[in-house]
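# What the coordinates show
Letter by letter, the chains look like this.
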Amino acid sequence: MEDVFDTTGRPPKGWMHAVFHGGPYGEDVGRCIPGPPAPATLSVPLPEGGAHVYRLWTVGSWSDPDDPIAVYNPDGPPVPPTLLTAQERQWTQEGRRRRDLRPLRLVALTDDGQMTYDPDAAAVEAMLAGLGERQYVVLQRLTDHDEGDCYFQVLLAEDAVYELEHRAGTTGERQRTRSASQTEVRDAVLRWVADQSSRWTDLEGPTAEGGS
């Protein structure tokens, strides 16, 4: 995001004032963001790498109703690791073929940037057991580029409940559910890894929705 500041109460056209609680912008005065409307989240690159994600809390005005001010919480919603693109999947498989290695079926991605190829049950269990609050594990099938993204992601939420999401390829259908049981989550993930995804609904309360 471009650095735009204004202390006159009249930001440039297409910009609005914002206040940030904590994070890299916490001490800024007069910082502007694109809007209105204010973005629901703002991702700020960090000098040491990675990004700090702010979450929009409210929009109000302290003096001038024509000068709306967006207020952001210090930490935004957890952001899952980025899935491999179709091109990255293709390059990975081509690299394996050149080294006479078998094609990859699955890759595991974690918040710290680690990537594990074809993790076995023990590796998956260790990833789930090592999840901290607001952290993700994402398992992605390395399907052909025209089959769409197929993944299973697990988030350990702030309330110590696991939030699970599964998306199946070209249909774009996503199933979501929550569970407080690490054992239930482990079993659901391992069934999916073993390609028994029809048993995903063993967990109570899944909801399905179309992809965007």
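Details of the structure are given in the entry above.
First, a word on scope: everything that follows refers to the structure included in this document. These figures come from a predicted structure and were not determined experimentally.

## What to know about the overall build of the protein chain
Within the protein chain, the secondary structure is distributed over three helices and 13 strands. In the protein chain, buried positions account for 39% of the 212 residues. Put simply, of all contacts in the protein chain between residues at least 6 apart along the chain, 48% involve residues at least 24 apart. If you sum the accessible surface of the protein chain, you get close to 11900 Å²; carbon and sulfur atoms cover 49% of it.

## Some points on the pattern of salt bridges
Per the stated rule, a full pass over the model turns up eight salt bridges. In this structure, arginine 178 and aspartate 159 form a salt bridge, with 2.5 Å as the shortest nitrogen-oxygen distance. Of the two residues, arginine 178 sits in strand E12 (residues 173-179) while aspartate 159 sits in the loop between strand E10 (151-156) and strand E11 (162-168), which places them 19 residues apart along the sequence. What makes aspartate 159 partly exposed here is its relative accessible area of 44%. With its nearest N and O atoms 2.8 Å apart, the salt bridge here joins glutamate 165 to arginine 176. Taken together, the residues span a long stretch of sequence, with glutamate 165 in strand E11 and arginine 176 in strand E12 at a distance of 11 residues. For glutamate 165, a relative accessible area of 8% puts it in the buried group.

## Observations regarding the packing of aromatic side chains
This model, assessed by the stated rule, comprises five aromatic pairs. An angle of 15 degrees between the planes, with centres 5.2 Å apart, marks the rings of phenylalanine 20 and tyrosine 72 as stacked. In this pair, phenylalanine 20 sits in strand E2 (residues 15-20) while tyrosine 72 sits in strand E6 (residues 69-73), placing the two residues 52 residues apart along the sequence. Between phenylalanine 152 and tryptophan 192, the ring centres sit 5.7 Å apart and the planes meet at 65 degrees, which makes this aromatic pair edge-to-face. Of this pair, phenylalanine 152 sits in strand E10 while tryptophan 192 sits in helix H3 (residues 182-193), and the two are 40 residues apart along the sequence. A single burial state applies to phenylalanine 152 and to tryptophan 192, both of which are buried. By way of ring pairs, the aromatic residues Phe20, Tyr25, Tyr54 and Tyr72 are connected into one cluster. The positively charged end of arginine 31 is found above the aromatic ring belonging to tyrosine 25, 3.5 Å away from the centroid.

## Focus on the packing of helix H2 (residues 121-129) against H3
It is at 10 Å that the axes of H2 and H3 come closest, and there the two elements cross at 140 degrees. Between H2 and H3, the angle falls in the class oblique. Viewed along their axes, H2 and H3 form a crossing whose handedness is right-handed. Here Ala121, Val124, Glu125, Leu128 and Ala129 of H2 come into contact with H3, specifically with Gln182, Val185, Arg186, Val189, Leu190 and Val193. Counted by class, the contact of H2 with H3 contains eight nonpolar, one polar and two charged residues.

What counts, and at which threshold
- Residues numbered from 1 in each chain as written.
- Predicted model: local features only at pLDDT ≥ 70, side-chain atom pairs only at ≥ 80, totals over all residues.
- Heavy atoms only, no water.
- Helix = DSSP H or I, 4+ residues; strand = E, 2+ residues; numbered from the N terminus.
- Buried < 20%, exposed > 50% of the residue type's maximum accessible area, 1.4 Å probe, protein only.
- Contact = heavy atoms within 4.5 Å.
- Areas by Shrake-Rupley, 256 points an atom, 1.4 Å probe, with all protein chains shown as cover.
- Salt bridge = Lys/Arg side-chain N within 4 Å of Asp/Glu carboxyl O.
- Phe/Tyr/Trp six-rings, centres within 6.5 Å; stacked < 30°, edge-to-face > 60°.
- Lys NZ or Arg CZ within 6 Å of the ring centre and 35° of its normal.
- Axes fitted to C-alpha atoms, helices over the stretch in contact; angles between N-to-C directions.
- Parallel < 35°, antiparallel > 145°, perpendicular 65-115°, else oblique.
- Left-handed = near helix turned anticlockwise from the far one by under 90°.
- Nonpolar A, V, L, I, M, F, W, Y, C, P; charged D, E, K, R; others polar.

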